[in-house]
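Structure assessment
One-letter residues, chain by chain:
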Amino acid sequence: MPADPTSLPLPDLAHRLVRTAYGDRATEPRPLATGAWSQAFALTLDGVEAVLRIGAHGEDFAKDEAVARLAGPGLPVPAVLARGTAEGWAYALSVRAHGTALDDLSAVDVARALPSLLTALDAAARVDLTGTSGYGIWAPGGRASHATWPEALLAIGTETARVPGWRAALVECGVGLGPVDAGLAALARLTPYLPGERQLLHGDLLSRNVLADGGAVTAVLDWGNALYGDRLYDAAWLLHWWPWYSAWRPADLHAALLAHWHATGPLPDHLRERLHAYLLHIALDALAYCAYRRRWDEVRVHADAVLALAGAAPGESVLIPVTR
């Protein structure tokens, strides 16, 4: 089985799977979207609109199912109707949600959707994690492998089975490991500011994983990268990627975040330093992933971002909202 589902088309498998499992109860699956780890197909089952996803990583679908069970009304996560394997591939069938991907919204529309998204992230942070353990990315059973939040963040320098070979790739392309070493050292210096909070985080809010309609978030999808840690991490995710979306730039993310934090309580302690740490982690993660994918132009941009963050004083970056 190929490791990358985008390396071959899966419509024939989708057709066979649906016909075998559901027969005439289901309509013909139609290609809907292709992501880095799976392909999605739209269909109707017993009159209900559904999405069939097929990929190599069944643990991602299991995490979607787990979060859908735990999520309350403030966190819209589509229910998983069925999950399993077919011809060596993992699949999941979920209720279909409608809306426009956050990535595709205009500045006006993304500004309207931000309060709803931040409220949904607060709802995720309130999910009861009883029966789970650890920090960082968690397995479908609810266990994450790191004993502390700083330990989980600093593990970004270690290759994983999902994203192998990125260290050699950085050397191969001429960027080298200097930015990684500088970023990890700076991240380590910021760990004294980090809390021991342990909350549910999404960890991958873009790549068409958030849908919105009429200023409200209608679905938060794909929890494969979900982790346990500090709720500010997802805010840092938005801060890191915001400049990459030129259509969004007129919208004031800093103002939206500050308004939300002021409205929901006092500003978090060490806000700027915590965001700085998470921006470093996200930039290092993006650097590793793009090196793995051989996206050399993006590698250089992320390397520069890591070096800029590593060279800044704690909490001092143009990406971080000014609170004083």
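Higher on the page you've got the structure.
What comes next is a walk through the structure. Given the structure is predicted, the values throughout are model-derived calculations rather than measurements.

This brings us to the overall build of the protein chain. In terms of helices and strands, the protein chain carries 10 helices and 12 strands. Computed over the C-alpha atoms, the radius of gyration of the protein chain is 20 Å, within 12% of the 20 Å expected from 2.2 N^0.38 for a compact globule of 324 residues. Based on the C-alpha atoms only, the size of the protein chain along its principal axes is roughly 60 × 45 × 40 Å. Considering only residue pairs separated by 6 or more positions, the protein chain has 69% of its internal contacts joining residues 24 or more positions apart.

The strands that make up a sheet are held in pairs by hydrogen bonds between backbone atoms, and each pair lies either parallel or antiparallel. Taken together, the four strands give an open sheet; going across it, the order is E8-E7-E12-E9, and neighbouring strands pair in antiparallel fashion. Only two strands of the sheet have a single neighbouring strand rather than two, namely strand E8 (144-146) and strand E9 (199-201). Here the strands of the sheet are splayed against their neighbours by 30° on average, with no regard to which way each runs. Here strand E7 (residues 135-138) runs beside E8; their pairing, made up of two bridges, is antiparallel.

The next point concerns the nonpolar core. The biggest cluster of nonpolar side chains holds 87 residues, and the ones touching the most others in it are Leu75, Trp149, Leu200, Trp223, Tyr233, Leu275 and Tyr278. With 15 residues, helix H9 (residues 271-292) is the largest single contributor of residues to this core.

For the rest of this paragraph, the subject is the packing of aromatic side chains. Applying the stated rule across the entire model yields 10 aromatic pairs. Between Trp138 and Tyr228 the ring centres are 5.5 Å apart and the planes differ by 5°, which places this aromatic pair in the stacked class. Of this pair, Trp138 sits in strand E7 while Tyr228 sits in strand E12 (residues 227-229), placing them 90 residues apart in sequence. We classify Tyr228 as buried; its relative accessible area is 2%. Judged by centre distance (4.3 Å) and plane angle (15°), the ring pair of Tyr245 and Trp248 falls under stacked. We note that Tyr245, like Trp248, is buried. One aromatic cluster is present, formed by Trp37, Tyr289 and Tyr292 through successive ring pairs. The side chain of Lys63 reaches across the aromatic face of Trp138, ending 4.4 Å from its centre. The aromatic ring of Trp37 is capped on one face by Arg293, whose charged end is 5.3 Å from the ring centroid.

Another point: the packing of helix H6 (residues 178-190) against H9. The geometry of H6 relative to H9 is characterised by a closest axis approach of 9 Å and an angle of 155° between their N-to-C directions. If you check the angle between H6 and H9, you find them roughly antiparallel. Read as a crossing pair, H6 and H9 show a hand that is left-handed. Two secondary-structure elements touch here, H6 through Pro179, Val180, Gly183, Leu184, Ala186, Leu187 and Leu190 and H9 through Glu273, His276, Ala277, Leu280, His281, Leu284 and Leu287. Taken together, the residues of the contact of H6 with H9 sort by class into 10 nonpolar, three polar and one charged.

With respect to the element layout, His260 can be found in helix H8 (residues 253-263). Exposure remark for His260: the relative accessible area of 12% places this residue in the buried category.

With that settled, consider a nonpolar patch on the surface. Together, Val48, Leu81 and Val95 line one region of the surface with nonpolar side chains, adding up to about 220 Å² of accessible area. Locating Val95 in the fold gives a position in strand E5 (residues 89-95).

Our next topic: the pattern of salt bridges. For the structure on display, the rule yields 14 salt bridges. Ionic pairing is found between Arg83 and Glu65, a salt bridge with its closest N-O pair at 2.9 Å. One end of the pair, Arg83, is in strand E4 (residues 80-86); the other, Glu65, is in helix H2 (residues 58-70), with 18 residues separating them in the sequence. Among the ionic pairs, Glu172 bridges to Arg294, the shortest N-O distance being 3.8 Å.

Right, let's get into the sheet that holds strand E1 (residues 30-34). On the basis of which strands lie adjacent, the open sheet formed by five strands has the order E1-E2-E3-E5-E4 and antiparallel pairing. In this open sheet, the two edge strands, each paired with only one partner strand, are E1 and E4. Sheet twist, expressed as the mean angle between neighbouring strand axes with direction ignored, is 25°. Taken together, the six bridges between E4 and E5 define a ladder with antiparallel strand orientation. Within E5, the residue paired with Gly84 across the bridge is Tyr91. Helix-sheet contacts for H2 involve strand E2 (38-45), strand E3 (48-55), E4 and E5, and the interaxial angle to E4 is about 165°.

Calculation criteria
- Residues numbered from 1 in each chain as written.
- Predicted model: local features only at pLDDT ≥ 70, side-chain atom pairs only at ≥ 80, totals over all residues.
- Heavy atoms only, no water.
- Helix = DSSP H or I, 4+ residues; strand = E, 2+ residues; numbered from the N terminus.
- Rg over C-alpha atoms; globule rule 2.2 N^0.38 Å.
- Contact = heavy atoms within 4.5 Å.
- Pairing = 2+ DSSP bridges.
- Axes fitted to C-alpha atoms, helices over the stretch in contact; angles between N-to-C directions.
- Core = buried A, V, L, I, M, F, W, Y, C linked by side-chain atoms within 4.5 Å.
- Buried < 20%, exposed > 50% of the residue type's maximum accessible area, 1.4 Å probe, protein only.
- Phe/Tyr/Trp six-rings, centres within 6.5 Å; stacked < 30°, edge-to-face > 60°.
- Lys NZ or Arg CZ within 6 Å of the ring centre and 35° of its normal.
- Parallel < 35°, antiparallel > 145°, perpendicular 65-115°, else oblique.
- Left-handed = near helix turned anticlockwise from the far one by under 90°.
- Nonpolar A, V, L, I, M, F, W, Y, C, P; charged D, E, K, R; others polar.
- Patch = residues over 30% accessible without salt bridge, like charges linked within 9 Å, V, L, I, M, F, W, Y side chains within 5 Å.
- Areas by Shrake-Rupley, 256 points an atom, 1.4 Å probe, with all protein chains shown as cover.
- Salt bridge = Lys/Arg side-chain N within 4 Å of Asp/Glu carboxyl O.

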